[in-house]
Amino acid sequence: MNDIVNYAKTAAASAWMRFFAARGEFSELKEKTAILQLSSLSKAACQEMIARIDAAAEDRAHSRVWRDDVASDTRILGFERDIPDFLSELEIERCILAIDAYTGRKTKSWFLMANRVVPKDRNLGSGGGLHRDSPFSHQVKCIWYLSDVTTENGPFQYIPDTHFNLFKTRADYPLGKSRFNSAAHDLVEVTAEAGSLLICDTKCIHGGKPIQTGARYAVTLYTLPTVEGARSIFKGSGLDPDLAVR
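This structure is a prediction, so every number in the text was calculated from the model and none was measured. (Residues numbered from 1 in each chain as written. Predicted model: local features only at pLDDT ≥ 70, side-chain atom pairs only at ≥ 80, totals over all residues. Heavy atoms only, no water.)

(A) Spatial organisation of the overall build of the protein. The helix and strand inventory of the protein stands at seven helices and twelve strands. For 246 residues, the compact-globule estimate of 2.2 N^0.38 gives 18 Å, and the protein sits close to it at 17 Å. For the protein, the spread of C-alpha atoms along the three principal axes comes to 50 × 35 × 35 Å. Considering the protein as a whole, with its 246 residues, one finds that 50% of them fall into the buried category. (Helix = DSSP H or I, 4+ residues; strand = E, 2+ residues; numbered from the N terminus. Rg over C-alpha atoms; globule rule 2.2 N^0.38 Å. Buried < 20%, exposed > 50% of the residue type's maximum accessible area, 1.4 Å probe, protein only.)

(B) The arrangement of a nonpolar patch on the surface in detail. On the surface, Trp16, Phe19 and Phe20 cluster together to form a nonpolar patch covering roughly 340 Å² of accessible area. Structurally, tryptophan 16 can be placed in helix α1 (residues 2-20). We classify tryptophan 16 as partly exposed; its relative accessible area is 36%. (Patch = residues over 30% accessible without salt bridge, like charges linked within 9 Å, V, L, I, M, F, W, Y side chains within 5 Å. Areas by Shrake-Rupley, 256 points an atom, 1.4 Å probe, with all protein chains shown as cover. Salt bridge = Lys/Arg side-chain N within 4 Å of Asp/Glu carboxyl O.)

(C) Layout of the sheet that holds strand β6 (residues 140-145). In space, the seven strands of this open sheet follow the order β1-β10-β6-β12-β4-β3-β2, with antiparallel pairing throughout. Edge positions in the sheet fall to β1 (34-37) and β2 (65-67), since each has one partner strand and no second. Taking the axes of each pair of neighbouring strands and ignoring which way they run, one obtains an average angle of 20° across the sheet. The pairing of β1 with strand β10 (residues 197-201) spans four bridges and is antiparallel. Bridging from a neighbouring strand, leucine 36 pairs with leucine 198 of β10. In the packing of helix α7 (residues 229-236) onto the sheet, the strands contacted are β3 (73-77), β4 (109-117) and β12 (216-224), and the crossing angle to β4 comes to about 30°. (Pairing = 2+ DSSP bridges. Axes fitted to C-alpha atoms, helices over the stretch in contact; angles between N-to-C directions. Contact = heavy atoms within 4.5 Å.)

Following this line, the structure appears as structure tokens:
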């Protein structure tokens, strides 16, 4: 029965994208899975945001900080509150309009997540391993690299076409499953200079490569189709969901 339900949900999501979505500025995600835009942020903005991430990460009293079990991945949720002077440079409104045109759904809530990833034994990389953000609905994340990212610095990596060709790849990646221990296909690593913007349909299988050296800094835009969406993310991270209310 679960297989039938998963098949039906996947087919419905594909039909929605075909008839009502996959439009606008980010429409090429349908074919490319991910897009990289260079020099989206100034170097000065990147350096200042890194300084603010470090300050929040080291402040044990900061109320919106989450850390993974090995202290490799530190995240600041609701980071827009920490960088109000940089929101115009990030062009949040433009990104949200483009995301809505691509998903065919209107954003009802959003927030920024900043993260710093550093080398630690047994680190799984940003995101805790290979996963889909949703096994059914298409989602888009905008990720600004604040530091130069090479293959050793924990780059974002993904498997192309695993956001649309789910029926073709279901033998390796079962429908309805969100997390995967290994990849049956080659991963694409997104290495880029500080200031680059990565845009990805995170229905694809993706994750941060385990970091080997240095530190990787990034800011990610999360958009949710419900007013309560941001609250649910905070609650799932173990933080007070009321902190999501701006």
